[in-house]
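Working through the structure, step by step
Below, each chain spelled out in residue letters.
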Amino acid sequence: MMEFKGVHYPKSVILHAVFFYLRYSVSYRDLEEIMAERGVKVDHATLNRWVVKFAPPIAARAQARKRPTATSWRMDETYIRVKGKWTYLYRAVDRDGQTLDFLLSERRDLSAARRFFKRAIGTNGVPDRIVIDKSGANLAGLQAVNVILKFTGNGRTIKVRQVKYLNNILEQDHRFIKRITGPMMGFKAFRSAAATIAGIETAHMIRKGQIATNGATAFQTFAELVA
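Computed from a predicted structure; not experimentally measured.

Conventions and cut-offs
- Per chain, residues are indexed from 1 in the order of the written sequence.
- Note on the predicted model: pLDDT of at least 70 is required for a residue's local features to be given, and 80 or more for side-chain atom pairs to be given and counted; whole-chain, interface and lining totals, by contrast, use all residues.
- Side-chain descriptors were evaluated using all non-hydrogen atoms of the structure, hydrogens and water having been removed beforehand.
- Note on definitions: the grid is 1 Å and covers protein atoms alone; a cavity is a set of points where a 1.4 Å probe fits but cannot get out; a pocket is an open set with protein on both sides within 12 Å along at least five of seven lines; lining residues have an atom within 4 Å of a point.
- Grid points are joined across faces, edges and corners, and a volume is the space filled by probe spheres set on the points.
- Secondary structure elements are defined from DSSP: runs of H or I of at least 4 residues count as helices, runs of E of at least 2 residues count as strands, and each element is numbered from the N terminus.
- For this classification, the nonpolar set comprises Ala, Val, Leu, Ile, Met, Phe, Trp, Tyr, Cys and Pro, the charged set comprises Asp, Glu, Lys and Arg, and every other residue, Gly included, is treated as polar.
- Stacked, tilted and edge-to-face are the three classes applied to pairs of Phe, Tyr and Trp rings, where Trp contributes its six-membered ring and a pair requires centres within 6.5 Å; stacked means planes under 30 degrees apart, edge-to-face means over 60, and tilted covers the rest.
- The buried label goes to any residue with under 20% of its type's maximum accessible area, the exposed label to any with over 50%, and the partly exposed label to all in between, with areas taken from a 1.4 Å probe on protein chains only.
- Here, over-ring charges are defined by two tests on the NZ atom of lysine or the CZ atom of arginine: distance to the ring centre within 6 Å, and angle to the ring normal within 35 degrees.
- A pair of strands is labelled paired if DSSP reports no fewer than 2 bridges between them.
- A fitted line through C-alpha atoms represents every axis, and for helices the fit uses only the stretch in contact; the resulting angles, taken between N-to-C directions, go from 0 to 180 degrees.
- In this analysis, two residues are considered to be in contact whenever any of their non-hydrogen atoms come within 4.5 Å of each other.
- Here, nonpolar core means buried Ala, Val, Leu, Ile, Met, Phe, Trp, Tyr and Cys residues that are tied together by side-chain atoms lying within 4.5 Å of each other.
- The patches described consist of residues with a relative accessible area above 30% and no salt bridge, like charges being joined within 9 Å and nonpolar side chains (Val, Leu, Ile, Met, Phe, Trp, Tyr) within 5 Å.
- Only the protein chains shown count as cover for residues, and all accessible areas are computed by the Shrake-Rupley method using a 1.4 Å probe.
- Criterion for a salt bridge: a side-chain nitrogen of Lys or Arg within 4 Å of a carboxyl oxygen of Asp or Glu.
- Only four residue types enter the charge count: Lys and Arg as positive, Asp and Glu as negative, with His and the chain ends excluded.
- Lys charges are placed at NZ, Arg charges at CZ, Asp charges at CG and Glu charges at CD.

Quick look at the layout of surface pockets
In this structure, the largest pocket spans a volume of roughly 380 Å³. Lining the largest pocket are 16 residues, and of these Tyr28, Asn48, Met184, Gly186 and Lys188 lie nearest its centre. Elements that contribute at least two residues to the lining of the largest pocket include exactly helix 2 (28–37), helix 3 (44–65) and helix 7 (190–207). Among the residues making up the lining of the largest pocket, the classes are represented as eight nonpolar, six polar and two charged.

In structure tokens form, the structure reads like this:
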């Protein structure tokens, strides 16, 4: 059970606020007004603290409970503004558009690409193939992972394809994330950006049916990840 000690609002109120912010295109001030109209007075700074505190552990549980994914992957980056500068959101989906993993990085280089691939494989297992763009850093990162797999595994490596049109499904998937982050007008801190994006990705996974609902609503499924 996730810890809610020290908060001055019912758990259901907190989870509704966090889910609403992660799922819909609203700012914290918009959400403050929406909550007030429902009889809950909470300032936008508190709403921000709730999201930053609760989104990451909920996202971790979503990763552990998501449905199995395919072994053909699509990987690319999109841009997120943090402290007035562009950062890089590494993302991967399978051939069916199901979310595999994501990683916010301040740099777009070999180290970041390798870290992302190792994290995605650790979460989802070794894929048969990965489609990437023409980025030299992404190719080098995947080649570095293949070297590790060759000498530490059973010799099986990942087939790499650099075919731009095959990543169209991922480009379309980026749009949901960008639509939610748009009203936020950028993030003031890297930690809060990473935490918020983890929550947005979780809401998106629920929307895509990656977590068993058993007839529950999207919010109920989100809330069940807390238990």
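A closer look at the packing of aromatic side chains
This structure, assessed with the given rule, holds ten aromatic pairs. Seen in terms of ring centroids, Tyr9 and Trp50 are 5.2 Å apart; in terms of plane orientation they differ by 75 degrees. Their pairing is edge-to-face. Here the residue Tyr9 occupies a position in the segment before helix 1 (11–23), and Trp50 occupies one in helix 3, the gap between them amounting to 41 residues. Residue class for Tyr9 comes out partly exposed when judged on its relative accessible area of 27%. Given a relative accessible area of 5%, Trp50 falls into the buried group. Three or more aromatic residues joined by ring pairs form one cluster here, namely Phe19, Phe219 and Phe222. Looking at Arg81, its charged tip hangs above the ring of Trp86, at a distance of 4.1 Å from the centre.

Overview of unusual backbone geometry
For Lys83, which is not glycine, the phi torsion reads 55 degrees and is therefore positive. Structurally, the position occupied by Lys83 is in the loop between strand 1 (72–82) and strand 2 (85–94). For Lys83, a relative accessible area of 55% translates into the label exposed. Residue Asn214 is not a glycine yet carries a positive backbone phi of 55 degrees. As for its position among the elements, Asn214 is in the loop between helix 7 and helix 8 (218–224).

As for the sheet that holds strand 5 (residues 159–161)
Pairing is mixed across the open sheet formed by five strands, whose spatial order is 3-2-1-4-5. Edge positions in the sheet fall to strand 3 (99–105) and strand 5, since each has one partner strand and no second. For this sheet, the mean inter-axis angle between neighbouring strands, taken without regard to orientation, is 25 degrees. Where helix 6 (residues 168–181) meets the sheet, its contacts fall on strand 1, strand 2 and strand 3, and the angle it forms with strand 1 comes to roughly 30 degrees.

What to know about the nonpolar core
Counting 47 residues, the largest nonpolar core has Tyr21, Leu22, Trp50, Ile58 and Phe222 as the members making the most contacts within it. Elements supplying a minimum of two residues to this core: helix 1, helix 2, helix 3, strand 1, strand 3, helix 6, helix 7 and helix 8. Among residues more than four places away in sequence, those in contact with Ile58 are Met2, Leu15, Thr202, Phe222, Leu225 and Val226. The next biggest cluster of nonpolar side chains, apart from the first, holds 19 residues, and it includes Met75, Tyr88, Leu103 and Phe117.

Section: the environment of Lys11
Take Lys11: it is sitting in helix 1. It is 45 Å that separates the C-alpha atoms of Lys11 and Thr152, two residues lying 141 residues apart in sequence.

As for a positive patch on the surface
Side chains of Arg95, Arg129, Lys159 and Arg161 sit close together on the surface and give a patch of like positive charge. As for its placement among the helices and strands, Arg95 is situated in the loop between strand 2 and strand 3.

Any link to function would need more than the numbers given here.
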